[in-house]
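# Secondary and tertiary structure notes
Letter by letter, the chains look like this.
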Amino acid sequence: MNHRIFFATFVFLVFASLPIAVAQEYNFATGYFTITFVTIKAGIPETLSERVLGDSTPIYEMRIDFSRSLTQPRITIETTDTSDLSILPGGLIYTYINITTEKINGDSDIQDLKMKIRVPQDWMKDNNIAPDSVKMLRLTSVWNELETTMLSQDADFVYYQVD
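Here's a quick rundown of the structure. (Residues numbered from 1 in each chain as written. Predicted model: local features only at pLDDT ≥ 70, side-chain atom pairs only at ≥ 80, totals over all residues. Heavy atoms only, no water.)

### Regarding the layout of surface pockets
The volume enclosed by the largest pocket comes to roughly 1,300 Å³. Surrounding the largest pocket, 40 residues form its lining, Ile97, Met136, Leu137, Arg138 and Leu146 being those nearest its centre. Counting residues per element, the ones that place at least two in the lining of the largest pocket are β6 (59-66), β8 (74-80), β9 (96-102), α2 (106-109), β10 (110-120), β11 (136-139) and β12 (143-146). Its residues assigned to classes, the lining of the largest pocket shows 26 nonpolar, eight polar and six charged. (1 Å grid on protein atoms, 1.4 Å probe; cavity = no way out; pocket = protein on both sides within 12 Å on 5 of 7 lines; lining within 4 Å. Points joined across faces, edges and corners; volume = space filled by probe spheres on them. Helix = DSSP H or I, 4+ residues; strand = E, 2+ residues; numbered from the N terminus. Nonpolar A, V, L, I, M, F, W, Y, C, P; charged D, E, K, R; others polar.)

Following this line, the structure appears as structure tokens:
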């Protein structure tokens, strides 16, 4: 029997669930997610929830507070591997998450960013990882440790907040 696996990228308009978004694009096979906003108001945080982000990345919530108003900014979140990294961090790595932006001037436009992520319990058990030892790092010119706080855990995942 032949089994076929179908991978597709979906683009659709979002009206009721997220009125500030123009479009979202997903590729569930690769862990790819893009959202384009109509407008962003300075000082009014935008929250992307699990309902919007889906389960294609370990991020299940992202809260962004912008320092200035923006028109049609775009955020792309992609789960990736190490093949395009010139500097690798030490330690055991669960995954790499590449977050890129368009029409956003990086750190100068983002006043505050908080993410909630989940790591599968199976992966942690298979690799003998203690839940309170997980850290998220950010690559600028070097790897910087971000404040990572364990929130909770259930039978499937351990949940963290990253500031």
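Picking up after the structure, the text goes on.
### Some words on the nonpolar core
Soluble globular proteins: nonpolar side chains tend toward being buried together. Counting residues in hydrophobic clusters, the biggest one holds 24 residues, and the most contacted among them are Ile59, Met62, Phe66, Ile75, Ile77, Met124 and Tyr160. Secondary structure elements with two or more residues in this core: β3 (32-37), β6, β8, β10, α3 (121-126) and β14 (157-162). Of all the elements, β6 adds the most residues to this core, at four residues. In this structure, methionine 124 is in contact with Val119, Ile129, Ala130, Pro131, Val134, Val158 and Tyr160, ignoring residues within four places of it in sequence. (Core = buried A, V, L, I, M, F, W, Y, C linked by side-chain atoms within 4.5 Å. Buried < 20%, exposed > 50% of the residue type's maximum accessible area, 1.4 Å probe, protein only. Contact = heavy atoms within 4.5 Å.)

### Some remarks on the packing of aromatic side chains
Evaluated as defined, the whole model comprises four aromatic pairs. Ring centres of tyrosine 96 and tryptophan 143 lie 6.2 Å apart, and the angle between their planes is 55°; on these two criteria the pair is classed as tilted. Residue tyrosine 96 is located in strand β9, and its partner tryptophan 143 is located in strand β12; the two are separated by 47 residues in the primary sequence. The exposure class of tyrosine 96 is buried, given its relative accessible area of 12%. Relative accessible area serves as the criterion here: at 23%, tryptophan 143 is assigned to the partly exposed category. Among the aromatic side chains, those forming a connected cluster through ring pairs are Tyr60, Phe157 and Tyr159. We note arginine 118 situated over the ring of phenylalanine 157; from NZ or CZ to the ring centre the distance is 5.6 Å. (Phe/Tyr/Trp six-rings, centres within 6.5 Å; stacked < 30°, edge-to-face > 60°. Lys NZ or Arg CZ within 6 Å of the ring centre and 35° of its normal.)

The values are spatial; any link to function lies outside them.
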